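Coordinate analysis (summary)
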Amino acid sequence: MPYTYTDPSGLSRYGWTGALDQTFTEHYEAGLVPARISRVDRGLCTAITTSGPMRATFAAPHPPEPLLTPCTGDWAALRPGAEPHLVALLPRHSAIVRSSASRSSHGQVLAANVDTVVIALSLATSLDAAKLERLLALAWESGAQPLIVLTKADLAHDPEAVHAEAEALAPGVDVLVTSVATGHNIDVLAALVHGTTVLLGPSGAGKSTLGNTLLGEELLATGTVREQDGKGRHTTVRRELLPLPGGGVLIDTPGLRGISLHDAADGLEQVFAEIEELAAYCRFGDCSHDTEPGCAVQAAIQAGELPERRLRSYHKLQRENAWAASRTDARLREKRVNQQKAITSHLRATYKFRDQQP
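Here the structure is a predicted model, which means the values were calculated and not measured.

Here we come to the nonpolar core. Formed by 62 residues in total, the largest nonpolar core has its most connected members in Val117, Leu132, Leu136 and Leu150. The greatest single-element share of this core, amounting to eight residues, is contributed by helix 3 (residues 129-142). With residues near it in sequence (within four places) discarded, Leu150 still touches Leu121, Leu123, Val162, His163, Ala166, Val175, Leu176, Val177 and Thr178. Judged by nonpolar contacts, the second largest core, of 15 residues, contains Val118, Ile186, Leu210 and Leu220.

Structure, rendered in structure tokens:
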């Protein structure tokens, strides 16, 4: 009999699909129920289930790898009862990952199973090209579709000029000028977001205000910004998932002060696609695009076809990503060595015990 999927529980409002339901068969047989994590704080998860939201613990001890710990947007198998707990996480189809704030080799997952990444930047301040490139690399690497939203058009001197600048920095990405105060392009934005949408950007960009407008009610805390630099306070202190009235869900995030990349080689290739294309025509395959003869990238700069700032940013982010990758490799090597040492120590103890037997 062919598989048919129905959703009497209403979980499809949060992104549950027939494909997910099929993969959940073994969990159903074990008495578990599907749940989507809407918030993680104080060592507990708020999980949306067929019976509504529940506060739950994670059954297994947190793994040493932070990338494998529960985060907002995850789908999980939950055992209900007097003390609900998450038994397992379902595989993620996308994840927004940055380097941890401690600058260790570990990554930090900001949100999981995301379809659209809205990068919110305020038009009340000048466009920070380097910050936009970092955010775009983060978004592309996640596997989701980026969307640049320029907020506060009512406070901008020349929003169209900034729009053109952002488009030049983001090939293949839609750029939308908006204003919550006047309602400009809010309907267009609502039509563009789909599935699970996450809001990323610095404090003061108006993410929470934008989120409240999309949600249709004041569910997210908002704050004021400093007039001298347009920066805001962290009014959003944790990531939270909320259903949108037109379908899909929204994840608001705290403002990102540091945006360090973690294993984002593919994302960087996407952000700097024009440099990657030019590099294919360099004389040498390992050209560093510095002083080598026959460098197509340097030729494009000399011809005024590629801004030199763009190449400097590319080099900087490539070095940062390579450093992060080397740190990860070193940690994994150390882990393998420690595991081998533990095995060797155990074997020695076993042989010693055996030799001491009469």
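The positions that UniProt labels "binding site: Zn(2+)" (unreviewed entry) are, in the present scheme, Cys282, Cys287, His289 and Cys295. By the element assignment, Cys282 lies in the loop between helix 8 (273-279) and helix 9 (296-302). Apart from residues no more than four positions distant in its own chain, Cys282 is found in contact with Cys287, His289, Gly294, Cys295, Ala296 and Val297. Within the secondary structure, His289 sits in the loop between helix 8 and helix 9. Accessibility expressed as a relative area gives 8% for His289, which makes it buried.

Time to look at helix 3. For helix 3, built from 14 residues, the straight-helix expectation of 20 Å at 1.5 Å per residue is met to within 8% by its first-to-last C-alpha distance of 20 Å. For helix 3, the tally of buried residues reaches 11 of 14 residues, placing the bulk of the element in the interior. Where helix 3 is concerned, the buried positions are Ala129, Leu132, Glu133, Arg134, Leu135, Leu136, Ala137, Leu138, Ala139, Trp140 and Ser142. Measuring from the backbone nitrogen of Ala130 back to the side-chain oxygen at the start of helix 3 gives 3.3 Å, which picks out Asp128 as the cap.

Here we come to the packing of aromatic side chains. A full pass over the atoms with the stated rule returns four aromatic pairs. On the basis of an interplanar angle of 70° and a centroid distance of 4.8 Å, the ring pair of Phe24 and Tyr28 is categorised as edge-to-face. Residue Tyr28 is classed as partly exposed on the basis of its relative accessible area of 37%. On the numbers, 5.3 Å between centres and 65° between planes, the contact of Phe272 with Tyr314 is edge-to-face. In this pair, Phe272 sits in the loop between helix 7 (265-271) and helix 8 while Tyr314 sits in helix 10 (residues 308-356), placing the two residues 42 residues apart along the sequence. Tyr314 carries the same exposure label as Phe272, and that label is buried.

Per the stated rule, a full pass over the model turns up eight salt bridges. When the shortest N-O distance is used, the salt bridge between Arg39 and Glu240 registers 4.0 Å. Of this pair, Arg39 sits in strand 1 (residues 33-41) while Glu240 is found in strand 12 (residues 240-243), placing the two residues 201 residues apart along the sequence. You can call Arg39 partly exposed: its relative accessible area is 23%. For Arg134, the salt bridge identified is with Glu320, shortest N-O distance 2.6 Å.

Turning to the side chain of Ser94, a few remarks are in order. The residue Ser94 is located in the loop between strand 5 (85-89) and strand 6 (95-99) in this model. Setting aside residues up to four positions removed in sequence, Ser94 forms contacts with Ala112, Asn113, Val114, Ser142, Gly143 and Ala144.

Moving on: the confidence of the model for the protein chain. In this model, the protein chain carries an average pLDDT of 84, and 79% of its residues clear a pLDDT of 70 or more. Within the model, the stretch residues 226-230 combines pLDDT values under 50 with six contacts to residues more than four positions away or in other chains. Every residue in residues 232-236 scores below 50 in pLDDT, and together they form 19 contacts with partners more than four places removed in sequence or on other chains.

So, about the environment of Glu277. Relative to the helices and strands, Glu277 resides in helix 8. Residues Glu277 and Ala296, 19 residues apart in the sequence, show an inter-C-alpha distance of 9.5 Å.

Counting across every chain of the model gives zero disulfides. Left unpaired, Cys71 is separated from the closest cysteine sulfur, that of Cys45, by 9.3 Å. With no disulfide of its own, Cys282 has Cys287 as its nearest cysteine by sulfur position, at a separation of 4.0 Å.

An α-helical segment advances 3.6 residues per turn. Residues three or four places apart therefore align on the same side. Of all the positions in helix 4 (residues 159-169), only Pro159, Val162, His163, Ala166 and Leu169 are classed as buried. Buried residues in helix 4, looked at end-on, bunch into an arc of 125°, giving them a common side.

Rules and cut-offs
- Residues numbered from 1 in each chain as written.
- Predicted model: local features only at pLDDT ≥ 70, side-chain atom pairs only at ≥ 80, totals over all residues.
- Heavy atoms only, no water.
- Core = buried A, V, L, I, M, F, W, Y, C linked by side-chain atoms within 4.5 Å.
- Buried < 20%, exposed > 50% of the residue type's maximum accessible area, 1.4 Å probe, protein only.
- Helix = DSSP H or I, 4+ residues; strand = E, 2+ residues; numbered from the N terminus.
- Contact = heavy atoms within 4.5 Å.
- UniProt positions renumbered as here; feature names shortened; annotations may be inferred.
- Expected span 1.5 Å × (residues − 1).
- Polar contact = N/O pair within 3.5 Å; in protein donor to acceptor, adjacent residues only side chain to side chain.
- Phe/Tyr/Trp six-rings, centres within 6.5 Å; stacked < 30°, edge-to-face > 60°.
- Salt bridge = Lys/Arg side-chain N within 4 Å of Asp/Glu carboxyl O.
- pLDDT = per-residue confidence, 0-100.
- Disulfide = S-S within 2.5 Å.
- Arc of directions from axis to C-beta.

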